[in-house]
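Geometric and topological summary
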Amino acid sequence: MFAANLAVNYLINLTVIDDVMWIWYYDRQGIIQSSGINFIQDLPRFMVLLYALQRFDPHDWGRNKDFLPVEVEGKRCHEFKIKDDKIGEVDLLLHTDHDDRVTRYGLQGRATNIIPVTSEALTKKYGNFQDGMVAKIFWGEASRTSEPEILKRVEEIAEAHDTVKGHIPELFWHHTFTNLTSTIREALGIPEPTTGSRVLYILVFRKLHPITKLHGKELFDVWYQCILCHVTLWKEGVFHRDVSPGNLMWYWKDGKRMGVLNDYDLSSLIDDRGPQGNECTGTIPFMALDLLTAEAQRGEVKHLYRHDLESFMWVFIWICFHYREGVIIPAALRPFDDWARLDAVTCGKKKFYFLFRVLDYHSHLEPSVWRFLVQCVAVLKRDIDRRSNLRLEKLLSMMPGEAEPSNDEELEDIDGFLLKFTNTQSWVELSKLSHPSQ
């Protein structure tokens, strides 16, 4: 139900065991369960409940009344209209049956939907784009700095840095709804009602191409552009913290592919209040090994730049083994599908095994890309060994009762870790192949 209907606010379910019934209320913050009603011993109260539920309209059952279902050329769509202080009336036609729609399933969390969209008002303001526009609809955490606010800061950085300019998503319009998931919890007197509270956002962007459509030197070129954008933003105080294939995109500009670091709804700013650096964010198959531990999952490991750069490496590895010339290969030939189904700690163990046995994996890659991949794995492995040995030496030299030193990093650590990869022979060779005139 959550995935089948657009921007559903909540679901109500009735669970019956023997002669007792419970009401279960689901929204993107979590689940609320009522006390049980014995419909035999407490028949009057049960009948009142049935009469109330009988009078529910779709909105009472949790359907979002702001998105109206319509049919356009035999296809299911949703229409959304709202007054905007700057533009006037904004009209969005969301093509919910489109093959390019991307839906995230699950009962809890952001529930991100990416849907092709058309709009007369936005087209009039920004003009037509060859690839069109998309709407991103998701339930963001209310306590976080919102994605539009982060993108505003990112755009300011782009004005001063060419590695960022043209490499960030182009946000046309956005709207924040007022239906906080914490409202019902506050009304019911649930303890800590605002913890994990979520709010619905809709953002409209220029449509981009997925990086998974690329291969060889074109893949490397766009991927490296995203790395350069990412490291500049990190130094300027914007921490992305969710590097994955779905967040690395590209578009054409003057005959050149422009890599785009996309999706900032899990990002944070350096001046955000609260200890957000220790929040464990990311997409499990692509997270750094340091973050796939029980300690990290409890929020005891600080998220550093090298963790995101390691995620870039796992993204490249994943794409190389899951796609052939931009087309996904059959499931039987994809060695890492289970990474996406495992819990964080188990996935970390699988990835650690891969680092030591990379040469055992069959590869269909061209030689230059395969050498590059293996050399990146070697750099990762050496760095893990170095840090592990360093930590052991520090622990052995500590006095009894002395606290273990923090894992904070300095600016030179950021540049130094990136240089470990960019100085490799295979990286230099691929860079020359991607830009033969340089």
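A short tour of the structure in this document, coming up. (Residues numbered from 1 in each chain as written. Predicted model: local features only at pLDDT ≥ 70, side-chain atom pairs only at ≥ 80, totals over all residues. Heavy atoms only, no water.)

Within the protein chain one finds 11 helices and 19 strands. Taking 438 residues into account, the globule formula puts the C-alpha radius of gyration at 22 Å, and the protein chain, at 24 Å, falls close to it. Summarising its shape, the C-alpha atoms of the protein chain cover approximately 75 × 65 × 45 Å along the three principal directions. When the 438 residues of the protein chain are sorted by exposure, 46% land in the buried category. Of the contacts formed within the protein chain by residues at least 6 apart in sequence, a portion of 65% connects residues at least 24 apart. Separation between the mean location of the 51 positive side-chain charges and that of the 62 negative ones in the protein chain comes to 3 Å. (Helix = DSSP H or I, 4+ residues; strand = E, 2+ residues; numbered from the N terminus. Rg over C-alpha atoms; globule rule 2.2 N^0.38 Å. Buried < 20%, exposed > 50% of the residue type's maximum accessible area, 1.4 Å probe, protein only. Contact = heavy atoms within 4.5 Å. Lys, Arg positive; Asp, Glu negative; His and termini not counted. Charge placed at Lys NZ, Arg CZ, Asp CG, Glu CD.)

Bridging between strand E15 (residues 248-253) and strand E16 (residues 256-261) involves six bridges; their strand directions are antiparallel. Residue pairing for E16: Lys 253 is matched across the bridge by Lys 256. Remark: two residues form the turn of the hairpin made by E15 and E16, two consecutive strands paired antiparallel; Asp 254 in that turn has positive phi of roughly 55°. (Pairing = 2+ DSSP bridges.)

This next bit is on the packing of helix H5 (residues 216-235) against helix H11 (residues 425-434). For the pair H5 and H11, the least separation of the axes is 9 Å and the interaxial angle reads 105°. Between H5 and H11, the angle falls in the class roughly perpendicular. In this structure, H5 uses Lys 217, Phe 220, Asp 221, Trp 223, Tyr 224 and Ile 227 to contact H11, whose residues at the interface are Trp 427, Leu 430, Ser 431, Leu 433 and Ser 434. For the contact of H5 with H11, the per-class residue count stands at seven nonpolar, two polar and two charged. (Axes fitted to C-alpha atoms, helices over the stretch in contact; angles between N-to-C directions. Parallel < 35°, antiparallel > 145°, perpendicular 65-115°, else oblique. Nonpolar A, V, L, I, M, F, W, Y, C, P; charged D, E, K, R; others polar.)

On to the pattern of salt bridges. For the structure on display, the rule yields 24 salt bridges. Residue Glu 300 is joined to Arg 298 by a salt bridge in which the shortest nitrogen-to-oxygen separation is 2.9 Å. Here Arg 298 falls in the exposed class, since its relative accessible area comes to 53%. (Salt bridge = Lys/Arg side-chain N within 4 Å of Asp/Glu carboxyl O.)

Next up on the list: the sheet that holds E15. With antiparallel pairing, three strands are arranged side by side in an open sheet as E13-E15-E16. Looking at which strands have only one partner, the edges of the open sheet turn out to be strand E13 (209-210) and E16. By the bridge criterion, two bridges tie E13 to E15 in an arrangement that is antiparallel. The residue of E15 that forms the bridge with His 209 is Trp 250. Contacts between H5 and the sheet are confined to E15 and E16, with E16 contributing the most and set at about 45° to the helix.

Moving on: the packing of aromatic side chains. One pass over the structure, following the stated rule, counts 39 aromatic pairs. Each ring, one from Phe 80 and one from Trp 173, has its centre 6.5 Å from the other, and the planes form 50°; the classification is tilted. Pair noted here: Phe 80 is in strand E6 (residues 75-84) and Trp 173 is in strand E11 (residues 171-176), with a separation of 93 residues, a long-range link. When sorted by exposure, Phe 80 lands in the same class as Trp 173, which is buried. (Phe/Tyr/Trp six-rings, centres within 6.5 Å; stacked < 30°, edge-to-face > 60°.)

Glancing now at the nonpolar core. Counting residues in hydrophobic clusters, the biggest one holds 77 residues, and the most contacted among them are Trp 223, Leu 233, Leu 309, Phe 312, Phe 354, Phe 421 and Trp 427. Other than its neighbours up to four places away in sequence, Trp 427 contacts Phe 220, Trp 223, Tyr 224, Ile 227, Met 313, Phe 372, Cys 376, Phe 421 and Thr 422. In terms of nonpolar packing, the next biggest core, distinct from the first, is built from 21 residues, Ala 111, Ile 137, Phe 177 and Leu 200 among them. (Core = buried A, V, L, I, M, F, W, Y, C linked by side-chain atoms within 4.5 Å.)

A cluster of nonpolar side chains, Leu 43, Met 47, Leu 50 and Tyr 51, forms an exposed patch at the surface whose accessible area comes to about 350 Å². Structurally, Leu 50 is set in helix H1 (residues 43-54). (Patch = residues over 30% accessible without salt bridge, like charges linked within 9 Å, V, L, I, M, F, W, Y side chains within 5 Å. Areas by Shrake-Rupley, 256 points an atom, 1.4 Å probe, with all protein chains shown as cover.)

Topologically, Asn 113 is positioned in strand E9 (residues 113-118). By relative accessible area, which is 9% here, Asn 113 ends up buried. Only 3.1 Å separates the side chain of Asn 113 from the side chain of Thr 103, close enough to count as a polar contact. Sequence-distant contacts of Asn 113, that is, excluding residues within four places in its chain, are made with Arg 101, Val 102, Thr 103, Ala 135, Lys 136 and Ile 137. (Polar contact = N/O pair within 3.5 Å; in protein donor to acceptor, adjacent residues only side chain to side chain.)

To continue, consider H5. A rise of 1.5 Å per residue sets the reference length of H5, with its 20 residues, at 28 Å; its end C-alpha atoms lie 29 Å apart and thus fit the reference within 8%. H5 sits mainly inside the fold: 15 of its 20 residues count as buried. (Expected span 1.5 Å × (residues − 1).)

For H1, which comprises 12 residues, the first-to-last C-alpha distance of 16 Å matches the rise-based estimate of 16 Å (1.5 Å per residue) to within 8%. Inspection of H1 places Phe 46, Leu 49 and Leu 53 among the buried residues, and these make up the whole buried set. End-on view of H1: buried residues confined to an arc of 60°, all on one side of the axis. Structural note: H1 exposes Pro 44, Val 48 and Gln 54 on the side pointing more than 90 degrees away from its buried face. Residues of H1 that are buried make contact with strand E1 (11-17), strand E2 (20-27) and strand E4 (37-38). (Arc of directions from axis to C-beta.)

For the rest of this paragraph, the subject is the pairing of E1. As defined by bridge partners, E1 adjoins E2 across seven bridges and the pair is classed as antiparallel. Residue pairing for E2: Val 16 is matched across the bridge by Met 21. Between E1 and E2, which pair antiparallel one after the other, the connecting turn spans two residues, and Asp 18 there sits at a positive phi close to 55°.

Okay, the environment of Leu 214 next. Structurally, Leu 214 can be placed in the loop between E13 and H5. Residue classification places Leu 214 among the buried residues on the basis of a relative accessible area of 5%. Leu 214 sits 163 residues away from Val 377 along the chain, and the two C-alpha atoms are 21 Å apart.

It is worth stressing that arrangement in space is one thing and function is another; only the former is reported here.
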